[in-house]
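# Coordinate inspection notes
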2 protein chains.
Amino acid sequence: MIRKYKFGRPFETGAVTAPMEAVQGKPPYGEIWCGDKVPACEEKRPAGAFSYRYVLHDEDIVYGLGEANRGINKRGYQYVSDCTDQPYHTEDKRSLYGAHNFIVISGRETFGLFFDYPSRMTFDIGYEQTERMTVSCERADLYLYVIEGDSAYDVVKQFRKIIGRSYIPPKFAFGFGQSRWGYRTKEDFRHVADGYRSNRIPLDMIYMDIDYMQDYKDFTVNEGEYPDFAAFVAEMKERGIRLIPIIDAGVKVEEGYPVYEEGVRGGYFCKREDGSEFTAVVWPGETHFPDFLNEKAARWFGDLYRGLTDQGIEGFWNDMNEPAIFYSQEGVRELQQVISSCQEMEHGMEDVRRIQEKAGSLANAGADYKRFYHAVNGQMIRHDQVHNLYGYHMTKAAAEAFGRIAPNRRLLLFSRASYIGMHRYGGIWTGDNHSWWSHLLLNLKMLPSLNMCGFLYVGADLGGFGADATRELLLRWLAFGVFTPLMRDHAALGTRDQEAYRFGDTEAFRGIIETRYRLLPYLYSEYLKAAYTDDMYCRPLAFVYPEDDFARGVEDQLIIGDEIMIAPVYTEHAKGRYVYLPEEMRFVKLKKDNYYIEETLEPGHHYVEVAVDEVPLFIRAGKCIPLVDAAQCVEEIDRQTMKWIGFEGASYERYDDDGVHADSRVRRTVDSM
Amino acid sequence: MIRKYKFGRPFETGAVTAPMEAVQGKPPYGEIWCGDKVPACEEKRPAGAFSYRYVLHDEDIVYGLGEANRGINKRGYQYVSDCTDQPYHTEDKRSLYGAHNFIVISGRETFGLFFDYPSRMTFDIGYEQTERMTVSCERADLYLYVIEGDSAYDVVKQFRKIIGRSYIPPKFAFGFGQSRWGYRTKEDFRHVADGYRSNRIPLDMIYMDIDYMQDYKDFTVNEGEYPDFAAFVAEMKERGIRLIPIIDAGVKVEEGYPVYEEGVRGGYFCKREDGSEFTAVVWPGETHFPDFLNEKAARWFGDLYRGLTDQGIEGFWNDMNEPAIFYSQEGVRELQQVISSCQEMEHGMEDVRRIQEKAGSLANAGADYKRFYHAVNGQMIRHDQVHNLYGYHMTKAAAEAFGRIAPNRRLLLFSRASYIGMHRYGGIWTGDNHSWWSHLLLNLKMLPSLNMCGFLYVGADLGGFGADATRELLLRWLAFGVFTPLMRDHAALGTRDQEAYRFGDTEAFRGIIETRYRLLPYLYSEYLKAAYTDDMYCRPLAFVYPEDDFARGVEDQLIIGDEIMIAPVYTEHAKGRYVYLPEEMRFVKLKKDNYYIEETLEPGHHYVEVAVDEVPLFIRAGKCIPLVDAAQCVEEIDRQTMKWIGFEGASYERYDDDGVHADSRVRRTVDSM
């Protein structure tokens, strides 16, 4: 049962696709303060603000918020939906790249809340006061959906039904991909391809970060390096490897650059109040931001992807689309003012601190987001009021264009910034994490929250983007990454080389990555099921064993699909880990060369040993999964090698399709052990 | 068996107190490259560099490095001994505030290495290559001590014998202390005292961070606020609370400020090559750094503490003594040059980036540490060559002065920067951590490593210094902090209020902190034993159960003293944790109001439940510990309430002394259950 409430004049975000009428009256749970009805204790709030309150009970767990920091259970902290280019995901950070305002309270009462509001919104979930949840924003212009169900999981499934089917990428996107900020030349890419192929480590994609472009100009390639880009794309595809270029939100300001000139001519860029194009400095230097919320501009930008698809490209990642801003012209002017007022450094410490502070706060400044506007249906809307929709609409623009550019063909597409609704158009990667053990665990905890919000094709930079990875960290992280739909190793410029063949003894890496391919029929099948039935690909144990008190609290194991549980090792030097089994399970460790070992474990607590070259998984009681022989890329997987592991007598319904076409028929095959 | 090797012309650091002759020949383990004998693969090293290599075996564990990042087992990463004011202790950081060059290799071969070298030194412990350990530094002027023993623990005990007895603080310093950067007025301090006393939460100390001073001038107090500081100190002591002021390394440059004027007159400050005083900006604005390596200057500075001890102060914390530098005059000149070359911002992005980079890299710049000198025995020594001794010598200066100022009286003293040798003069706190769950665990992992290097009176900022704590984090961290000799809650300016009475339901906090006082006879006794027998106060399980393969790998449990094992809860939302028992143990959960529950657990793996208001501990088989009733401060502990918990028939030898005098006789009492 879902009820929709309307407050003020909401912006239509398109998050919810199901037609629904708003009902009158007040929601059955919690209290709402909005508009002028501001309670005494809230006097500091501006008039017109919105605030939702709920008293949490001891046993309540709060799920949701998609790409948010900290636990599967969001209780105890404060989160802010405000898409941010945040490169340090330490435990205290309140905002990351996404804004996913869906939560489920599960305990004494069980219900879900979706706050459809495209600007900054704060979720205090028992932080200021342990027993109080407050969701608030500045303007009481939003839709609130209240979802009742039999369980948290049921609430999620109902929510997923109203927001539309999740994006399904082509099958090759379920292979393993390698990325690094800094690959520039053909030789760089060939070297990576050689490194994988010569070590027999499977690989399906190499990602092209910003350096493939000419001066970071969208939809260009470095002219000197790629005189015949299509031939190079074909050369790599010949080796079973797709090149996946990045596209940034900002368009370089440069006379003679057609994208810039067309954009200006068409009036497709975001403008200041005075009607001039807003200028922000990002990688290419000065750029304008396409107005993705404007239908004409979105269509124009989307069609530009054709320049690359025409050369054989089959996938993209959209980046910097919070949008990230290094600085604006206005910001630099302010810095210049600070500098000139400190010219003589006569105030010494104070002057230096002012310069440091101003220089250090130019990036992603809130003030800049109030300096430009979107033209939506003839209305000028200040960016900050719809900030959280920008990355979503960039990706929507691309996906809708793909329908025109390559009708019926599935292209790979994922984004950094997002809002609920974008899950219909692409996946996301969870941004610039670090080579920290704590981020391996954060990667795990985010997954079910993202699934709840419809984002199924998701993954983190395995091995960590910033800082230097160690061999052990990368191995353990890959062993977890085997189960994330997007499985990509990515690292930042200036960090240690992080390709799987860089750490000596490549056999261990080969064994781990091979496992991805051996499990691919299962993982792909479960992904298709989740997408087609509006379900979750991975779930917290609490959703599968809601009556099991211990399982409800587990935050370092997941259920993948319906058949398996995973419990990755996420601590340095560990020889294994503790794991909780809510039921009898078959414990399987997959190793290189299509080898595995298995044993049956009783329900309860166990310490299981897992070597760094093993991928552990647990098959649930009475279930089985398919396993094929490893291959060097998805297309080379030989379905004839399929066998079954798990419990005798178990059967499995496998979903598959051609992996290429949007309208590909889903084949369902039932096999038994 | 300890052998000492000499390379080049080492600086005499005073770390080792036992007289030892250097031996000829090469060490029995590993290989050394030094001076001109640089191997081919090391050609990039400057001539004259030093490098020690050892091939690690699969089973080897490497212990040590004191206040270093990451695990108890240091394998797999690279660490740099280079005392640094590093405010973000993320997992990738290589240097923190201390330089503790002692490691123990434990595995196929077991031996210890102490590199007595006071400048920057790199420990690559299987990071670049899994099986290779390389210890290197720029100049081959050092002593290397190679220690052989029956076990890692035996090697540690031998090492501790040659570096002199660890510092023993007064007994009140084993109470609980509250701190916050931002306490300024008498009312601020009274408010904290009231908060604790009115809620019946025990408290022994309130720390005075920089704001108690007049303009951050060492050995001053705010004149308007504390016209009679001695009376205020007495007022607090009347309530059972000691005030513990901070002393920073830098002395404010200000005409008329006696410390500055005396320092200049005496030539006590570090000088540039041209003989002028080096000026660095820190909290007070422009400061000079006392030359603590110069005996006369050290004596002068140490005697200045009398200004505060004469007013009743009985303890200090020495801060900013890496030394931390916000910027130097030279650095600001460079910034000005960058700014003037970018005046017109004609290069746009490039100019802004140059200003940002320069402004952002002024602090703790390596170049600044080459700009000033120490006068040691008539020689001018450039600071960077002895950088890691600065905090050590500041604290040594203070401790030696205390012997003159308050003969035979034990004063509390701890420092931020340190080097082995300083453990004889004071303790350390582990600097500016964060309110992150990962830092609770880091706190635990650092403790035994610090103990190995002689630092017994140690602790981290409980609840975390930077960022906002949550109620649950603070409770869990305090429950662990009960066992750290320095037990202090400290938080940074601008973060959430973090005193134990700030989070509602203060009863839970009272119960946790009371536990510290109930265990104090045991904790103090074990501390005295460790100090007087050159032993460790807390040990990794590997040192106590070396034959137990599983115990050797445990990195989240510790043995405290000889009787108990701890296994704190360090994850959010957890209802308990897994724990490994190498032997039968009595599991005790201490609660408020002198209540506890206990049960006997078999050896092996367990999941134990621990509520947020409980302090868990495990009494080892056949042992017992004393427990007293809680008190509001250390002096109020009533020894008559002592009872015993543990195993029937067990006996315990308790050490005690008057807690006040340096020459207090240690009383040993044996009691049985």
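Higher on the page you've got the structure.
This write-up is about the structure you can find in this document. Just so you know, these numbers come straight off a predicted model, no measurement behind them.

## Brief notes about the overall build of chain A
Assigned secondary structure in chain A consists of 14 helices and 39 strands. Taking 673 residues into account, the globule formula puts the C-alpha radius of gyration at 26 Å, and chain A, at 25 Å, falls close to it. Its C-alpha atoms give chain A principal-axis dimensions of about 75 × 65 × 55 Å. Residue burial in chain A is summarised as follows: out of 673 residues, 68% are buried. Put simply, of all contacts in chain A between residues at least 6 apart along the chain, 72% involve residues at least 24 apart.

## Description of the relation of the copies chain B and chain A
The relation between the two copies of this chain is a rotation about an axis and a shift parallel to it. The operation relating chain B to chain A is a screw motion whose rotation component is 180°, with 0.0 Å of axial translation and a residual RMSD of 0.0 Å. Viewed as a symmetry operation, the transformation between the two copies matches a two-fold axis.

## Remarks on the pattern of salt bridges
Under the defined criterion, the tally for this structure stands at 104 salt bridges over all chains. Across the salt bridge formed by D468 of chain B and R94 of chain A, the nearest N and O atoms sit 3.3 Å from each other. Of this pair, D468 of chain B sits in the loop between β26 (461–462) and α11 (471–481) while R94 of chain A sits in the loop between β5 (77–81) and β6 (98–99), on two different chains. Owing to a relative accessible area of 23%, R94 of chain A belongs among the partly exposed residues under this scheme. A salt bridge links R416 of chain B to D85 of chain B; the nearest nitrogen and oxygen atoms lie 3.3 Å apart. Remark: D85 of chain B occurs in the loop between β5 (77–81) and β6 (98–99) and R416 of chain B occurs in the loop between β22 (412–415) and β23 (418–419); sequence separation between them is 331 residues.

## Quick notes on the pairing of β22 of chain B
Side-chain direction in a regular strand flips from residue to residue, so the side chains alternate between the two faces of the sheet. All names here are of chain B. Across the two faces of β22 the burial is the same, with L412 and F414 and L413 and S415 all buried. Across four bridges, strand β18 (residues 315–319) lies against β22 in parallel orientation. Across the sheet, G315 pairs through a bridge with L412, a residue of β22. With two bridges connecting them, β22 and strand β24 (residues 427–429) associate as parallel partners. Each residue of the ladder has a partner; that of S415, found in β24, is I428.

## Observations regarding the interface of chain B and chain A
If you look at the interface, chain B gives 50 residues, while chain A gives 50 residues. Carbon and sulfur atoms supply 55% of the area that chain B and chain A bury against each other, a total of about 4,200 Å² over both sides. The largest per-residue losses of area from chain B upon contact with chain A belong to M349, H573 and Y578 of chain B, which jointly make up 16% of the total buried on that side. Run the count over chain B and chain A and you get four salt bridges. Among the salt bridges present, the one from E572 of chain B reaches R70 of chain A, with a minimum N-O distance of 3.2 Å. At the boundary of chain B and chain A, one finds 26 residue pairs in polar contact (both at pLDDT 80 or more). Mapped by element, the contributors of at least two residues to the side of chain B that touches chain A are β16 (280–282), α7 (329–341), α8 (349–360), α10 (437–452), β31 (576–581) and β34 (604–609) of chain B. Looking at the side of chain B that touches chain A, the element that brings in the most residues is α8 of chain B, giving five residues. Along the lines of polarity and charge, the residues of the side of chain B that touches chain A split into 25 nonpolar, 13 polar and twelve charged.

## A closer look at the nonpolar core
If you look at the biggest cluster of nonpolar residues, it comprises 396 residues, and the most contacted ones within it are F102 of chain A together with F102 of chain B. Core analysis: the next-biggest nonpolar cluster, separate from the first, contains 40 residues, A551 and V610 of chain A together with Y578 and V579 of chain B among them.

## Topic: unusual backbone geometry
Between E322 of chain A and P323 of chain A the backbone carries a cis peptide bond, its omega angle lying at -5°. For P323 of chain A, the location among the structural elements is in the loop between β18 (315–319) and β19 (327–328). Positive phi outside glycine occurs at N364 of chain A, with the angle close to 50°. One non-glycine residue, Y216 of chain B, lies in positive phi territory at about 60°. Summarising the element assignment, Y216 of chain B is placed in the loop between β13 (205–208) and α3 (229–238).

## Comments concerning helix α10 (residues 437–452) of chain A
All names here are of chain A. At M446, α10 is deflected by roughly 25°, the largest bend along its length, and proline P448 occurs up to four residues later in sequence. In terms of burial, α10 is a largely internal element, 15 of the 16 residues being buried. A positive phi of about 100° marks G454, the residue just after α10.

## As for the sheet that holds strand β4 (residues 61–64) of chain A
All names here are of chain A. On the basis of which strands lie adjacent, the open sheet formed by five strands has the order β1-β11-β8-β7-β4 and antiparallel pairing. Looking at which strands have only one partner, the edges of the open sheet turn out to be β1 (2–7) and β4. Going from strand to strand, the sheet's axes swing by 20° on average, the running direction of each strand aside. Inspection of the sheet shows strand β7 (residues 102–106) paired to strand β8 (residues 110–116) by five bridges, in the antiparallel sense. The residue bridging S106 from the neighbouring strand is T110, located in β8.

## Structural notes on the environment of R404 of chain B
Summarising the element assignment, R404 of chain B is placed in helix α9 (residues 390–405). Sequence separation of R404 of chain B and R306 of chain B is 98 residues, and the distance between their C-alpha atoms is 9.4 Å.

## Things to note about the packing of aromatic side chains
All names here are of chain A. Per the counting criterion, the structure on display carries 116 aromatic pairs over all chains. Centroid distance F414 to W429: 5.8 Å. Interplanar angle 75°. Geometry classified as edge-to-face. Remark: W429 occurs in strand β24 (residues 427–429) and F414 occurs in strand β22 (residues 412–415); sequence separation between them is 15 residues. For W429, a relative accessible area of 1% puts it in the buried group.

## So, the environment of D505 of chain A
Residue and element names in this part refer to chain A. As for its placement among the helices and strands, D505 is situated in the loop between β27 (487–489) and α12 (506–532). What makes D505 partly exposed here is its relative accessible area of 48%. Considering only alpha carbons, one finds D505 and H191, 314 residues apart in sequence, at a separation of 18 Å.

## Description of helix α4 (residues 258–266) of chain A
Since the α-helix turns once every 3.6 residues, residues separated by three or four places project in the same direction. Residue and element names in this part refer to chain A. Within α4, the full set of buried residues consists of V259, Y260 and G263. Taken around the axis of α4, the buried residues stretch over an arc of 100°, which confines them to a single face. Buried-residue contacts for α4 involve β15 (251–252), β17 (285–288) and α5 (295–304). Following α4 by one or two positions, G267 adopts a phi angle in the positive range, close to 70°.

## Observations concerning the packing of helix α2 (residues 186–198) of chain A against helix α3 (residues 229–238) of chain A
Residues and elements named next belong to chain A. It is at 11 Å that the axes of α2 and α3 come closest, and there the two elements cross at 5°. As the angle between them shows, α2 and α3 are arranged roughly parallel. Of the residues in α3, those touching α2 at K186, F189, R190 and A193 are F232, E235 and M236. In the contact of α2 with α3, the residues fall into four nonpolar, no polar and three charged.

Calculation criteria
Residues numbered from 1 in each chain as written. Chains lettered and ligands numbered in written order. Predicted model: local features only at pLDDT ≥ 70, side-chain atom pairs only at ≥ 80, totals over all residues. Heavy atoms only, no water. Helix = DSSP H or I, 4+ residues; strand = E, 2+ residues; numbered from the N terminus. Rg over C-alpha atoms; globule rule 2.2 N^0.38 Å. Buried < 20%, exposed > 50% of the residue type's maximum accessible area, 1.4 Å probe, protein only. Contact = heavy atoms within 4.5 Å. Least-squares fit on C-alpha atoms with pLDDT ≥ 70 in both. Salt bridge = Lys/Arg side-chain N within 4 Å of Asp/Glu carboxyl O. Pairing = 2+ DSSP bridges. Buried area = accessible area lost by both parts, 1.4 Å probe. Polar contact = N/O pair within 3.5 Å; in protein donor to acceptor, adjacent residues only side chain to side chain. Nonpolar A, V, L, I, M, F, W, Y, C, P; charged D, E, K, R; others polar. Core = buried A, V, L, I, M, F, W, Y, C linked by side-chain atoms within 4.5 Å. Bend = angle between axes of the 7 residues up to and from the residue. Axes fitted to C-alpha atoms, helices over the stretch in contact; angles between N-to-C directions. Phe/Tyr/Trp six-rings, centres within 6.5 Å; stacked < 30°, edge-to-face > 60°. Arc of directions from axis to C-beta. Parallel < 35°, antiparallel > 145°, perpendicular 65-115°, else oblique.

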